[in-house]
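An overview of the molecular structure
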2 protein chains.
Amino acid sequence: MINTDRYCVIMCGGIGSRFWPYSRTNKPKQFIDFLGTGRSLLQMTFDRITHVVSSDNIIIVANEMYLQLILEQLPQIRRENILLEPARRNTAPCIAWAINHIRAINPNASVVVAPSDHLILREDAFESSIIRGFEFVESHDALLTLGITPTRPETGYGYIQIGKESCPGISEVKTFTEKPDLELAKVFLKSGEFFWNSGIFLWSVKAIYKALCKYAPDVMAVLDKDNDVYASSKESEFINQNFTSCPSISIDYAVMEKADNVYVQCVSFGWSDIGTWSALYDNSAQDINRNVLQNCQGMMYRSEGNMVMTADKKVVVAVGLNDYIIADAHDVLLICPKSEEQQIKHFVNDVKATLGDEYL
Amino acid sequence: MINTDRYCVIMCGGIGSRFWPYSRTNKPKQFIDFLGTGRSLLQMTFDRITHVVSSDNIIIVANEMYLQLILEQLPQIRRENILLEPARRNTAPCIAWAINHIRAINPNASVVVAPSDHLILREDAFESSIIRGFEFVESHDALLTLGITPTRPETGYGYIQIGKESCPGISEVKTFTEKPDLELAKVFLKSGEFFWNSGIFLWSVKAIYKALCKYAPDVMAVLDKDNDVYASSKESEFINQNFTSCPSISIDYAVMEKADNVYVQCVSFGWSDIGTWSALYDNSAQDINRNVLQNCQGMMYRSEGNMVMTADKKVVVAVGLNDYIIADAHDVLLICPKSEEQQIKHFVNDVKATLGDEYL
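Here the structure is a predicted model, which means the values were calculated and not measured.

The rules we used
Residues numbered from 1 in each chain as written. Chains lettered and ligands numbered in written order. Predicted model: local features only at pLDDT ≥ 70, side-chain atom pairs only at ≥ 80, totals over all residues. Heavy atoms only, no water. Core = buried A, V, L, I, M, F, W, Y, C linked by side-chain atoms within 4.5 Å. Buried < 20%, exposed > 50% of the residue type's maximum accessible area, 1.4 Å probe, protein only. Helix = DSSP H or I, 4+ residues; strand = E, 2+ residues; numbered from the N terminus. Contact = heavy atoms within 4.5 Å. Buried area = accessible area lost by both parts, 1.4 Å probe. Salt bridge = Lys/Arg side-chain N within 4 Å of Asp/Glu carboxyl O. Polar contact = N/O pair within 3.5 Å; in protein donor to acceptor, adjacent residues only side chain to side chain. 1 Å grid on protein atoms, 1.4 Å probe; cavity = no way out; pocket = protein on both sides within 12 Å on 5 of 7 lines; lining within 4 Å. Points joined across faces, edges and corners; volume = space filled by probe spheres on them. Nonpolar A, V, L, I, M, F, W, Y, C, P; charged D, E, K, R; others polar. Least-squares fit on C-alpha atoms with pLDDT ≥ 70 in both. Pairing = 2+ DSSP bridges. Right-handed = clockwise from strand over helix to strand, strands pointing away.

**Points about the nonpolar core**
- B:Val9, B:Val111, B:Leu143, B:Trp203, B:Leu223 and B:Val255 are the most contacted members of the largest nonpolar core, which has 51 residues in total.
- With eight residues, the single largest contributor to this core is helix H3 (residues 91-105) of chain B.
- Discounting residues that sit within four places of it in the chain, B:Val9 has contacts with B:Ile59, B:Val61, B:Ala98, B:Ile102, B:Val111, B:Val112, B:Val113 and B:Ala114.
- Grouped together as the second largest cluster of nonpolar side chains are 50 residues, A:Tyr7, A:Val111, A:Ile160 and A:Val264 included.

Pasting the structure below:
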């Protein structure tokens, strides 16, 4: 029996520009079936959450331009559970609005906040971690974040250093850190004290509302101007008129790094934020020549270690290419060494400058 | 005033498999606008010939599956000027049929035979060469072939060794040779005696008919079974019933290498058979980084000497690729070093064996 005081907020606002040319402004990463499973990252996130939270209690926050995509991909969701941001303002305003919305429906709610575009391989472990987290935040005045046990000296993630253990598997947070360089990441990995910052949070509405008021007063000054609108017919008009006045700030920076009741649950459930083509490659099944062939039919000659993805199950004949990204969208073809994928954002800018917005 | 005794036979039967994945069974090379000029190779061939032969006197010989493509690309041609082969039987039966057809219309005709898929850059020089050739074969009992002055030690072409000069620019043929290896090709180039075999022939109907009867009696035994059918309403039925009985043999092997009245006119008009992607590359305008970008918008980073062609003017972002063929057809993407393009026929076979005929 699922606890009806438990809610989920799925943040669906990213634009995933590092996955260009697949991830596009009008259909970002979370809406794409990157793993060729037949389900997009958003759909997989939703499916996974329904095991621990009633689907009636799952709220999606997204930019208004994605309403149609969400309705297509999640036909089971109720329209009133989709909160449409009129502008991008990073995670703190997004979460603050969703918390105000849930608070108006159920002030005793507890909430898990999850990005829509992460990969989780071991769903059972995820499920029990979330339940354990709910139990903790329902019995403590605590803001909980999930810290992923690192498996490699990754330089693309932020880390959380754990402090004193409060109860089995849940510790106080000593520090949040920025993305480290490789040397530091190796030290982090070896120490056993540092965990990847997953961006998955759990808290009671009461605890996060209090923390937002204390640590993000400029956000709440906007969103608390009229508290009667939430979960009412006036909500979207109010948001459309006021949301853009919120400062653009992340929940980590606004609240988590400042509050004194922040805890981390150390977990391990095959997580990746699939932030890059290489991350997708690393998380996909490789063939005998270490090629990952996604949605295509590859004929690979003297070609190893490539990440190949096409629209429409194209036949790809590659000769003498090693460790490349070959990404063929309908109107754009990208052929780039995996080692240079950090340049993709520059390519996107060049394309924009040269050819216009059409290809973004 | 164009001489109405002059005819042209455009041979349109090739399948251009070395240009896969662009050249496909259902739309071979000659029907494709390879140079991005807006005209296919067939259309350019036709346009070029109309300067020296009345368009009413231009005959196209092609496989029956290409009728629709020909009518689309050459709307000005009369249906009765298109001869449809029920099967591929190489050039000797193709030419023998066309000659019988023209002979029934005009036994005093002279004819230029030209492939449909060659590139000629200097049309004026082509035009005057053809006129000179017509004049020669109209005044001599001669079979004339055009030999192209070689500009490099090409190993992909057959060569013709010239003998004694008969009149300015026209010589007897000493030998026809197979494609040489590189060492021999260098010797050929240096000697000044060897010319590329262009596959462009001129002759009077009388001379070639006599030669076909003498040197290709097995072909003529089939096609001369009933001489009253040509240029009549019975022609296509007769061909459909008999053409497949012809042996498959080239005009070079059947006639040109055997006859004793064969001459070569040495010409130089920027000719290429564009038989390969590299040949297309060599004959196209290169940008400052030696890339040829055909029907696409290229953003090339540290990438030089590539031959890039896409369907639908795709944006191609290439990073760290040098001297590659990047050919993106609708359902097939080929990425292959130019130096390995001889393997393309093997790739096509592999694709056929693995994925079926759909991609041929």
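**Thoughts on the interface of chain A and chain B**
- Between chain A and chain B, the contact holds 32 residues from the first and 32 residues from the second.
- By the criterion of area lost to chain B, the three top residues of chain A are A:Val317, A:Leu333 and A:Ile335, representing 22% of everything that side buries.
- Joining chain A to chain B, the criterion identifies four salt bridges.
- One salt bridge in this structure joins A:Lys314 and B:Asp328, with 2.5 Å as the shortest N-O distance.
- Counting the contacts that link chain A with chain B gives 26 residue pairs in polar contact (both at pLDDT 80 or more).
- Mapped by element, the contributors of at least two residues to the side of chain A that touches chain B are strand E13 (297-301), strand E15 (315-319), strand E16 (324-328), strand E17 (332-337) and helix H11 (344-355) of chain A.

**Side note on empty space enclosed by the protein**
- This model, assessed by the stated rule, comprises two cavities of 30 Å³ or more.
- Quantified by volume, the largest cavity comes out at close to 50 Å³.
- In terms of lining, the largest cavity is formed by B:Thr45, B:Arg48, B:Ile49, B:Ala114, B:Pro115, B:His118, B:Ile120, B:Phe126 and B:Ile200.
- Of all the secondary structure elements, the ones that give two or more residues to the lining of the largest cavity are helix H1 (41-49) and strand E4 (110-115) of chain B.
- Take the lining of the largest cavity: its biggest share by element is three residues, from H1(B).
- When grouped by side-chain class, the residues that make up the lining of the largest cavity number six nonpolar, two polar and one charged.
- Roughly 40 Å³ of volume is contained in the second largest cavity.
- Along its surface, the second largest cavity is lined by A:Thr45, A:Arg48, A:Ile49, A:Ala114, A:Pro115, A:His118, A:Ile120, A:Phe126 and A:Ile200.
- Elements represented by at least two residues in the lining of the second largest cavity include exactly helix H1 (41-49) and strand E4 (110-115) of chain A.

**Details of the pattern of salt bridges**
- A full pass over the atoms with the stated rule returns 30 salt bridges over all chains.
- The salt bridge partner of B:Arg78 is B:Glu80, with a shortest N-O separation of 3.8 Å.
- One salt-bridge network, held together by shared partners, links A:Arg290, A:Glu304, A:Asp323 and A:Lys338.

**So, the layout of surface pockets**
Residues and elements named next belong to chain A.
- In this structure, the largest pocket encloses a volume near 1600 Å³.
- In terms of lining residues, the largest pocket is bounded by 49 residues, among which Arg18, Asp117, His118, Lys179 and Asp273 are the most central.
- Those elements that place two or more of their residues in the lining of the largest pocket are helix H3 (91-105), strand E8 (170-177), strand E9 (194-204), helix H9 (251-256) and helix H10 (277-282).
- The leading source of residues in the lining of the largest pocket is E9, at four residues.
- For the lining of the largest pocket, the residue count by class is 13 nonpolar, 21 polar and 15 charged.

**Some details on H1(A)**
- The element H1(A) is largely enclosed, with a buried count of eight among its nine residues.
- Buried positions along H1(A) lie against strand E1 (6-11), strand E2 (58-63), helix H2 (67-73), E4, strand E5 (119-120) and helix H4 (123-139) of chain A.

**Some points on the relation of the copies chain A and chain B**
- Laying chain A over chain B is done by rotating through 180° and shifting 0.1 Å along the axis; what remains is an RMSD of 0.1 Å. Expressed as an axis order, the relation between the two copies is that of a two-fold axis.
- Counting the interface residues of chain A, we find that 100% of their copies in chain B are interface residues as well, pointing to one common contact surface.

**Focus on unusual backbone geometry**
All names here are of chain A.
- Cis peptide bonds are those with omega within 30 degrees of zero, and the linkage from Trp20 to Pro21 qualifies with 5°.
- Mapped onto the fold, Pro21 is located in the loop between E1 and H1.
- Although it is not a glycine, Arg290 sits at a positive phi angle of roughly 60°.
- Relative to the helices and strands, Arg290 resides in the loop between H10 and strand E12 (292-294).
- On the basis of relative accessibility, which here comes to 37%, the residue Arg290 falls in the partly exposed class.

**Here's the deal with the side chain of A:Asn291**
- Note on placement: A:Asn291 falls in the loop between H10 and E12.
- Side-chain polar atoms of A:Asn291 contact the backbone nitrogen of A:Gly305, separated by 3.2 Å.

**Digging into the environment of A:Asn240**
Residue and element names in this part refer to chain A.
- Along the chain, Asn240 falls in helix H8 (residues 235-242).
- It is 5.9 Å that separates the C-alpha atoms of Asn240 and Pro86, two residues lying 154 residues apart in sequence.
- Residues contacting Asn240, with those up to four places away along its chain left out, are Glu64 and Pro86.

**Observations concerning the pairing of E1(A)**
All names here are of chain A.
- Buried residues dominate E1, accounting for six of its six residues.
- Alternating residues of E1 divide into Arg6, Cys8 and Ile10 and Tyr7, Val9 and Met11, and every residue in both groups is buried.
- When E1 meets E4, the two strands line up parallel, connected through six bridges. Within E4, the residue paired with Tyr7 across the bridge is Val111.
- Taken together, the four bridges between E1 and E2 define a ladder with parallel strand orientation. Residue Val9 lies in a different strand from E2, and its bridge partner there is Ile59.
- In this region the chain leaves E1, passes through H1 and returns to the parallel neighbour E2; the handedness of that crossover is right-handed.

**Thoughts on the environment of B:Val205**
All names here are of chain B.
- Structurally, Val205 can be placed in helix H6 (residues 205-215).
- Its relative accessible area of 1% is what places Val205 among the buried residues.
- Measuring from C-alpha to C-alpha, the distance between Val205 and His140 comes to 12 Å, with 65 residues separating the pair along the chain.
- Ignoring anything within four residues of it in the chain, the contact list for Val205 reads Ile99, Ile102, Arg103, Pro107, Ala109, Ser110 and Val111.

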